Amino acid sequence: MYTPYQSRLDLQVSHNEGARVFGAATSYSSGVYAHTLGERDMNGDGFLDVIVAGGSQPGYNGFVTIFLNNGKGHLPAVGANLSAGSVDATSVLLGDVDGDGNADIVVTGSAAVVFLGRGDGTFGAGTDSPLPSAYSHAVTADFDGDGRADVAVTDATNDTVNLLFGKKDGTLSAPTSFPIDAGSGLTLAAGDIDGDGHPDVAVAGGTTIEILLGDGQGHLAKSKSLYVSTGCVGTYHGEGAGLAMGDFNGDGVTDFVCLAQSPAASVSAILGCP
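Residues numbered from 1 in each chain as written. Predicted model: local features only at pLDDT ≥ 70, side-chain atom pairs only at ≥ 80, totals over all residues. Heavy atoms only, no water.

A.B. asks: What am I meant to see in the overall build of the protein chain here?
C.D. replies: Assigned secondary structure in the protein chain consists of zero helices and 20 strands. In the protein chain, which comprises 274 residues, the proportion classed as buried is 48%. Intrachain contacts of the protein chain at a sequence separation of at least 6 include 39% that bridge at least 24 residues. As displayed, the protein chain offers around 11900 Å² of accessible surface, 52% of which is attributable to carbon and sulfur atoms. (Helix = DSSP H or I, 4+ residues; strand = E, 2+ residues; numbered from the N terminus. Buried < 20%, exposed > 50% of the residue type's maximum accessible area, 1.4 Å probe, protein only. Contact = heavy atoms within 4.5 Å. Areas by Shrake-Rupley, 256 points an atom, 1.4 Å probe, with all protein chains shown as cover.)

A.B. asks: What's the story with the nonpolar core in this structure? I'm lost.
C.D. replies: Nonpolar side chains in soluble globular proteins generally cluster together in the buried interior. Core analysis: the biggest nonpolar cluster contains 19 residues, and Ile-51, Val-64, Ile-66, Ile-105, Val-107 and Phe-115 have the highest contact counts within it. Non-local contacts of Phe-115, meaning those with residues more than four positions away in its chain, are made with Val-64, Leu-82, Ser-83, Ala-84, Asp-104, Ile-105, Val-107, Phe-123, Gly-124, Ala-125 and Gly-126. Membership of the second largest hydrophobic core comes to 14 residues, among which are Val-139, Ile-180, Val-203 and Leu-212. (Core = buried A, V, L, I, M, F, W, Y, C linked by side-chain atoms within 4.5 Å.)

A.B. asks: Got a minute to help me understand a negative patch on the surface in this structure?
C.D. replies: On the surface, a cluster of negative charge is contributed by Asp-192, Asp-194, Asp-196 and Asp-215. Of note, Asp-192 is situated in the loop between β15 (187-191) and β16 (200-214). What makes Asp-192 partly exposed here is its relative accessible area of 34%. (Patch = residues over 30% accessible without salt bridge, like charges linked within 9 Å, V, L, I, M, F, W, Y side chains within 5 Å. Salt bridge = Lys/Arg side-chain N within 4 Å of Asp/Glu carboxyl O. Lys, Arg positive; Asp, Glu negative; His and termini not counted. Charge placed at Lys NZ, Arg CZ, Asp CG, Glu CD.)

A.B. asks: Is there a simple way to think about the confidence of the model for the protein chain in this case?
C.D. replies: Interpreting fine coordinate detail is not advised for predicted regions of low pLDDT. Confidence in the prediction for the protein chain averages 84 pLDDT; 89% of positions are at 70 or higher. Within the protein chain, strand β14 (residues 176-179) carries the highest mean pLDDT (95), whereas strand β6 (residues 77-83) carries the lowest (74). Every residue in residues 1-6 is under pLDDT 50, and counting partners more than four places away or in other chains gives 23 contacts. (pLDDT = per-residue confidence, 0-100.)

A.B. asks: Looking at this model, I keep getting lost on the sheet that holds strand β19 (residues 255-259). Mind explaining?
C.D. replies: Note on sheets: strands pair through backbone hydrogen bonds, and any given pair is parallel or antiparallel. Strand order in this open sheet of three strands is β18-β19-β20, and the pairing throughout is antiparallel. The sheet terminates laterally at β18 (243-246) and β20 (267-270), the two strands that pair on one side only. Strand-to-strand, the axes of this sheet are offset by a mean angle of 15 degrees, without reference to chain direction. Looking at chain direction, β18 and β19 are connected through four bridges and run antiparallel. Bridge pairing in β19 places Ala-244 opposite Val-257. (Pairing = 2+ DSSP bridges. Axes fitted to C-alpha atoms, helices over the stretch in contact; angles between N-to-C directions.)

A.B. asks: Is there a simple way to explain the sheet that holds β14 in this structure?
C.D. replies: Judged by pairing direction, the sheet is antiparallel, and its four strands sit side by side in the order β11-β12-β13-β14 without closing on themselves. Either end of the sheet is taken by a strand with one partner, and the two such strands are β11 (135-141) and β14. Strand after strand, the sheet turns through a mean of 25 degrees between neighbouring axes, direction not considered.

A.B. asks: Sorry, what's going on with the environment of Gln-217 here?
C.D. replies: Relative to the helices and strands, Gln-217 is located in the loop between β16 and β17 (220-232). Using a relative accessible area of 61% as the deciding quantity, one classes Gln-217 as exposed. Gln-217 sits 73 residues away from Asp-144 along the chain, and the two C-alpha atoms are 4.0 Å apart. Those residues in contact with Gln-217 that sit more than four places away from it in its chain are Phe-143 and Asp-144.

A.B. asks: Can you help me understand the pattern of salt bridges in this one?
C.D. replies: Close approach of charged atoms allows side chains of opposite charge to pair. According to the stated counting rule, one finds three salt bridges in the structure shown. When the shortest N-O distance is used, the salt bridge between Asp-146 and Arg-148 registers 3.1 Å. Among the salt bridges present, the one from Asp-181 reaches Lys-222, with a minimum N-O distance of 3.1 Å. Here Lys-222 lies in strand β17 and Asp-181 lies in the loop between β14 and β15, a separation of 41 residues in the sequence. On the accessibility criterion, Lys-222 (46% relative accessible area) is partly exposed. A single network of salt bridges, built from pairs that share partners, joins Asp-181, Glu-210 and Lys-222.

A.B. asks: Would you explain the environment of Leu-75 in this entry?
C.D. replies: Position of Leu-75 among the secondary structure elements: in the loop between β5 (62-68) and β6. For Leu-75, a relative accessible area of 5% gives the class buried. Linking Leu-75 and Val-13, residues 62 residues apart in sequence, is a C-alpha distance of 9.0 Å.

A.B. asks: Would you mind going over unusual backbone geometry with me for this structure?
C.D. replies: In terms of backbone geometry, most residues other than glycine have negative phi values and most peptide bonds are trans. At Arg-20, a position not held by glycine, the phi torsion is positive, near 60 degrees. On the secondary structure map, Arg-20 appears in the loop between β1 (10-13) and β2 (26-29). The exposure class assigned to Arg-20 is exposed, which follows from its relative accessible area of 83%. For Asp-159, which is not glycine, the phi torsion reads 55 degrees and is therefore positive. Checked against the element boundaries, Asp-159 lands in the loop between β12 (150-155) and β13 (160-164).

Okay, here's the thing in structure tokens:
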């Protein structure tokens, strides 16, 4: 979908033509060194838009570019170019942080920067919140059940998962930390693993995927650890996800897929047991 870390400008879109065939890529200029992207309807017209985050140069000031979908599969209109200041935007998260019904943008790097959406594809100025200095990946979900998006980040140095709760004013709370096993916090994913309706967290690193169950009130508790013989690796400061969860075999139980340490350029699937 987009060019690698050291390249600049291009977002590439290939349309699905059916039968697992994709058409030729169409390129759109993002104006940034693209680290990551997300997709969501940012202006309420029912069409998925694309959000690209990156820096003016690798390691420099962060920017977010929003491409508004015209409903015909094209992204000609840039809805906004947002500045994250000195935060090199290596990850982009989408959710309703202030609970007003409009999609907001959170970019993470040396800090988390929240841009509150107005519902028409435009956004307010960014507000910074501190992150653990050794954060390696971030995801968003409503962990405390208040209808606002929260952010979960891993701290690979202190071996913790940290929750930053979305507040009504659109800012994020100070981190609340939960311990994890040493070396397991390279990457994480969020979803309802135990089927109780509350988002849970899985973290991965080394040869372990560790599961922390959420109670829907902002707390996480260790549940179990899964052994991954091929190992799991993370990604630099959240540039893409090293772990994903979902029901991949249709048995109604959560499964996991992670980037494998060995062999290189491979993934490992861990199927849940009913």
